[in-house]
Amino acid sequence: MKLKAKHTLILLSTLCTLSFITIGCSSSDTPANTPTQEETPNEESPIEDPSGSEPSEEPQASAPDPATEATEGRWHVLSPEVAAIIDADFEGTVWKLESDTFYIAEKYVEILEDGSIVSGGPSSNADIPDSDLIQVLFDEDTHFYLRTIQSSSETHEDTEATFQDLEPYMTVELKGSFTNDIFHATEIRLIKVEF
């Protein structure tokens, strides 16, 4: 039964990953934030007063500069309901380690109708391009710890950990937030399941 559930999770993970890739790869011919010629005010022509008096010297409101507007970003923290249940803002699989940062592949997390949580991520042999990985930044105040879960029961043990304890394809649960699609972690929980 456990093997069937594992295959189901892998299948769901693969479908979710393909959905994200399909959505991420779609584009349109005209970006939504690009003003057209009609929307851009003509700064050379003064405001004309219908009464025939001199042109107004009042400053004109201009269209917002897309470069300075806050962007929504591609990656988002988990919904408040899911975050409260798993006690984390985001979940992923460690994919690439560097000297002072690491990259994760997003894991799919959902609450089922019965209130249970289901999650899944890409298999360790999946070919994920760097553009689909999420960089995780941390500093000296970021708290690392290892949660060891016994698969035969619902018990777990938490112990202190460091960046050096991260391993490829390990699940991590993160607290923090996204800025420009980079996750800034305040807490990193490494998950290890013992069978």
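Quick look at the structure, then. Keep in mind it's a predicted model, so treat the numbers as computed, not measured.

**Comments concerning the overall build of the chain**
Then, in step 1: On a plain count of helices and strands, the chain comes out with two helices and nine strands.
Then, in step 2: Along the chain, from the amino end to the carboxyl end, the secondary structure elements read α-α-β-β-β-β-β-β-β-β-β.
Then, in step 3: Out of the 195 residues belonging to the chain, those deemed buried represent 28%.
Then, in step 4: By sequence separation, contacts in the chain at least 24 residues apart represent 59% of the contacts at least 6 residues apart.
Then, in step 5: Of the roughly 13,700 Å² of accessible surface on the chain, 52% is carried by carbon and sulfur atoms.

**As for the side chain of Thr-171**
Then, in step 1: Take Thr-171: it is sitting in strand β8 (residues 171–179).
Then, in step 2: A distance of 3.1 Å separates a polar atom in the side chain of Thr-171 from a polar atom in the side chain of Lys-107.
Then, in step 3: Not counting chain neighbours up to four residues away, the residues in contact with Thr-171 comprise Glu-91, Gly-92, Thr-93, Lys-107, Arg-189, Leu-190 and Ile-191.

**Description of the nonpolar core**
Then, in step 1: In terms of nonpolar packing, the biggest core is built from 20 residues, with Phe-102, Leu-166, Val-172 and Ile-188 touching the most fellow members.
Then, in step 2: For this core, the elements supplying multiple residues, two or more each, are β1 (90–97), β2 (102–106), β5 (134–137), β6 (143–150), β8 and β9 (182–194).
Then, in step 3: Counting residues per element, this core draws most heavily on β9, which supplies four residues.
Then, in step 4: The residues contacting Ile-188, other than those within four sequence positions of it, are Phe-102, Val-136, Phe-138, Thr-142, His-143, Phe-144, Tyr-145, Val-172, Glu-173 and Leu-174.
Then, in step 5: Counting residues in each nonpolar core, the second largest holds six residues, with Leu-78, Val-82, Ile-86 and Val-109 among its members.

**What about the pairing of β8?**
Then, in step 1: As judged from the four bridges shared by β1 and β8, these two strands associate in the antiparallel manner. Looking at β8, one finds that Glu-91 is bridged to Glu-173.
Then, in step 2: As paired strands, β8 and β9 are joined by nine bridges and run antiparallel to one another. Pairing of Phe-178 across the sheet is with Phe-183, part of β9.

**A look at the packing of aromatic side chains**
Then, in step 1: If you walk through the whole model with that rule in mind, you get eight aromatic pairs.
Then, in step 2: Note on Trp-95 and Tyr-169: the rings are 5.1 Å apart at their centroids and 85° apart in plane angle, and the pair reads as edge-to-face. Residue Trp-95 is found in strand β1, and its partner Tyr-169 is found in the loop between β7 (156–160) and β8; the two are separated by 74 residues along the sequence.
Then, in step 3: Classification of Trp-95 by relative accessible area gives buried; the value is 14%.
Then, in step 4: Residue classification places Tyr-169 among the partly exposed residues on the basis of a relative accessible area of 45%.
Then, in step 5: Judged by centre distance (5.2 Å) and plane angle (90°), the ring pair of Phe-138 and Phe-144 falls under edge-to-face.
Then, in step 6: Judged by relative accessible area, Phe-144 falls into the buried class, the value being 7%.
Then, in step 7: Positioned above the aromatic ring of Tyr-103, the side-chain terminus of Lys-96 is 4.8 Å from the ring centre.

Criteria and thresholds
- Residues numbered from 1 in each chain as written.
- Predicted model: local features only at pLDDT ≥ 70, side-chain atom pairs only at ≥ 80, totals over all residues.
- Heavy atoms only, no water.
- Helix = DSSP H or I, 4+ residues; strand = E, 2+ residues; numbered from the N terminus.
- Buried < 20%, exposed > 50% of the residue type's maximum accessible area, 1.4 Å probe, protein only.
- Contact = heavy atoms within 4.5 Å.
- Areas by Shrake-Rupley, 256 points an atom, 1.4 Å probe, with all protein chains shown as cover.
- Polar contact = N/O pair within 3.5 Å; in protein donor to acceptor, adjacent residues only side chain to side chain.
- Core = buried A, V, L, I, M, F, W, Y, C linked by side-chain atoms within 4.5 Å.
- Pairing = 2+ DSSP bridges.
- Phe/Tyr/Trp six-rings, centres within 6.5 Å; stacked < 30°, edge-to-face > 60°.
- Lys NZ or Arg CZ within 6 Å of the ring centre and 35° of its normal.

By themselves, these figures tell us nothing about what the structure is for.
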